[in-house]
Amino acid sequence: VFAVNATQQISWHHIAALYPHASPAQPLSSEDPQGGFFMVDTPPEAGAFLFNAEGQLIGIAIEAGEVIPAEWIAGAVRQYLRDGTYHPVTLGISFIDLSRVIPLVSEIPNAGIRIEGDRTHRAIIAGSPAFGAGLAAGDILTVFDGRRLDGRIPLSLLLARYSSGTEIEMVVMRNRKEEKVKVVLGPK
């Protein structure tokens, strides 16, 4: 693939890692984009456009070699063309991605997103979509709109696929029991 940055400089890259849409057990639906989240070998400048050998846009570099697939930003582009603005969505949570840490307690799963705050960040932002859905500190999000939160795709990239007002279903582990929770995503 090749990248073109804001000053029209071109750099060549190899795809270093592909992250599929969800776990292998999760079948793809007809609404899923064709490509998954991916990384390139040497990080191009953030904001650089990446193209395949046929010259088709395949993604936009964000940082450290991570690339947002073009299919994932299609909703944002449609919103911008329709409304003249784009408002990224949020859940309104602070969290720890459990797939990136070693669980210290056996009852905590090794995958999912644990809602947790600290001295400077609240676990749940008052008035946020998560607040409205009744999520609380200590809840562990394990499935987001049918996709297992296993660390393969960062939550921020999953959220980038949706527009404000979209209702999604999540599976939350609370008090060692799974619950289904619906949330309406809101703007940042």
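Conventions adopted
- Residues numbered from 1 in each chain as written.
- Predicted model: local features only at pLDDT ≥ 70, side-chain atom pairs only at ≥ 80, totals over all residues.
- Heavy atoms only, no water.
- Core = buried A, V, L, I, M, F, W, Y, C linked by side-chain atoms within 4.5 Å.
- Buried < 20%, exposed > 50% of the residue type's maximum accessible area, 1.4 Å probe, protein only.
- Helix = DSSP H or I, 4+ residues; strand = E, 2+ residues; numbered from the N terminus.
- Contact = heavy atoms within 4.5 Å.
- Salt bridge = Lys/Arg side-chain N within 4 Å of Asp/Glu carboxyl O.

Asker: Quick question: what am I supposed to make of the nonpolar core here?
Answerer: Residues Leu91, Ile93, Leu135, Leu141, Phe144, Met170 and Leu185 are the most contacted members of the largest nonpolar core, which totals 28 residues. Breaking this core down by element, the ones donating at least two residues are helix H1 (70-83), strand S10 (113-115), strand S11 (140-144), helix H3 (155-159), strand S13 (167-174) and strand S14 (177-184). Considering each element in turn, this core owes the most residues, four residues, to H3. Not counting chain neighbours up to four residues away, the residues in contact with Leu91 comprise Ser128, Pro129, Ala130, Leu141, Phe144, Leu155, Leu159, Met170, Val183 and Leu185. Listed in part, the eight residues of the second largest apolar core include Ala3, Ile58, Ala61 and Val67.

Asker: Teacher, can you tell me more about the pattern of salt bridges here?
Answerer: This structure, assessed with the given rule, holds four salt bridges. Between Glu116 and Arg114 there is a salt bridge, and its shortest N-O distance comes to 2.8 Å. Taken together, the salt bridges that share partners define one network made up of Asp139, Arg174 and Glu179.

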